[in-house]
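Residue-level structure breakdown
This is what each chain is made of:
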Amino acid sequence: MSLALEDRLAIIELVSLHGHLVDDGSLDRLEELFTADVVYDLTDFGQEPLCGVAAIREAAWALGAANPVAHHVTNVVVTAWADGRVQVRSKGLGIKADGSCGSVSYDDTVVRTADGWRISYRRLSPRRTPLGGMTKPG
């Protein structure tokens, strides 16, 4: 499946909107990002996946001041699948109030809904070791 340029741009804007909404505290608008049955996979952080928009919203409120003050997304790669779903891989940088920074990879599955493109699955993977932990062979 190929994607029209307009769809690619809409998907990139969708992924980018996440940081703006969360950083602004606009958690009441998460339905603009996610399907109602979204799975927000945090298993690489030792947590159970969050299921549904309400669970994501509640987790963000529960983190409170421990939330990053700034989320930045970059290196967005969009790949269309034959079944109509779209894979989006991107990098995320989170800046904490104390100035410390963390990096994640986002692996998203995006689907077209009646309301436009939405994320139906998001996996966050922390980036803690150079070269993804790989070492030179031999």
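Everything discussed here concerns the structure shown above.
Keep in mind that what you see is a predicted model, and the values were worked out from it rather than measured.

Helix and strand counts for the protein chain stand at 2 helices and 6 strands. Start at the N end of the protein chain and walk to the C end: the helices and strands fall as α-β-β-α-β-β-β-β. Taking 138 residues into account, the globule formula puts the C-alpha radius of gyration at 14 Å, and the protein chain, at 15 Å, falls close to it. Oriented by its inertia axes, the alpha-carbon framework of the protein chain measures out at about 50 × 40 × 25 Å. Expressed as a percentage of the 138 residues in the protein chain, the buried residues total 38%.

Moving on: the environment of arginine 57. Turning to its location among the elements, arginine 57 is positioned in helix α2 (residues 53-63). Here arginine 57 falls in the buried class, since its relative accessible area comes to 17%. Arginine 57 has contacts with Leu27, Asp28, Leu30 and Glu31, leaving out every residue within four places of it along the chain. Of note is the side chain of arginine 57, whose polar atom sits 3.0 Å from the side chain of glutamate 31.

If you trace the 6 strands from one edge of the open sheet to the other, you get β2-β1-β6-β5-β4-β3, paired in mixed fashion. Since the sheet does not close on itself, it has two edges, and those belong to β2 (50-51) and β3 (70-80), each with one partner. Sheet contacts for helix α1 (residues 5-23): β1 (34-41), β3, β4 (86-95), β5 (101-113) and β6 (116-126); angle to β3, the most-contacted strand, approximately 160 degrees. Against the sheet, α2 contacts β1 and β2, and its axis sits at roughly 55 degrees relative to β1.

A full pass over the atoms with the stated rule returns 1 aromatic pair. A centroid spacing of 5.9 Å and a plane angle of 80 degrees characterise the contact between phenylalanine 34 and tyrosine 40, whose relative ring orientation is edge-to-face. Residue classification places tyrosine 40 among the buried residues on the basis of a relative accessible area of 9%. When the ring centre of tyrosine 106 is taken as origin, the NZ or CZ atom of arginine 122, which lies over that ring, is 4.1 Å away.

As paired elements, β3 and β4 share 9 bridges and run antiparallel to each other. In the strand pairing of β4, valine 77 is matched with arginine 89. Bridge count between β4 and β5: 10 bridges; the pairing is antiparallel. Within the sheet, the bridge partner assigned to glycine 92 lies in β5 and is valine 104. Hairpin geometry of β4 and β5 is characterised by an intervening segment of 5 residues between the two adjacent antiparallel strands and by a positive phi of about 95 degrees at glycine 99.

In this section: the side chain of asparagine 67. Of note, asparagine 67 is situated in the loop between α2 and β3. Polar contacts involving the side chain of asparagine 67 include one to the main-chain carbonyl oxygen of alanine 60, which spans 2.8 Å. Here glycine 64 takes part through its backbone oxygen, which lies 2.9 Å from a polar atom of the side chain of asparagine 67.

The two faces of a sheet get side chains in turn, since along a regular strand they alternate between them. Note: β1 against β6, 4 bridges, orientation parallel. Bridge pairing links phenylalanine 34 to isoleucine 119 in β6. Direction of pairing for β1 relative to β2: antiparallel, over a ladder of 2 bridges. Looking at the pairing, tyrosine 40 lines up with leucine 50 of β2.

Conventions adopted
Residues numbered from 1 in each chain as written. Predicted model: local features only at pLDDT ≥ 70, side-chain atom pairs only at ≥ 80, totals over all residues. Heavy atoms only, no water. Helix = DSSP H or I, 4+ residues; strand = E, 2+ residues; numbered from the N terminus. Rg over C-alpha atoms; globule rule 2.2 N^0.38 Å. Buried < 20%, exposed > 50% of the residue type's maximum accessible area, 1.4 Å probe, protein only. Contact = heavy atoms within 4.5 Å. Polar contact = N/O pair within 3.5 Å; in protein donor to acceptor, adjacent residues only side chain to side chain. Pairing = 2+ DSSP bridges. Axes fitted to C-alpha atoms, helices over the stretch in contact; angles between N-to-C directions. Phe/Tyr/Trp six-rings, centres within 6.5 Å; stacked < 30°, edge-to-face > 60°. Lys NZ or Arg CZ within 6 Å of the ring centre and 35° of its normal.

In short, the description is geometric, and any link to function would need to be established separately.
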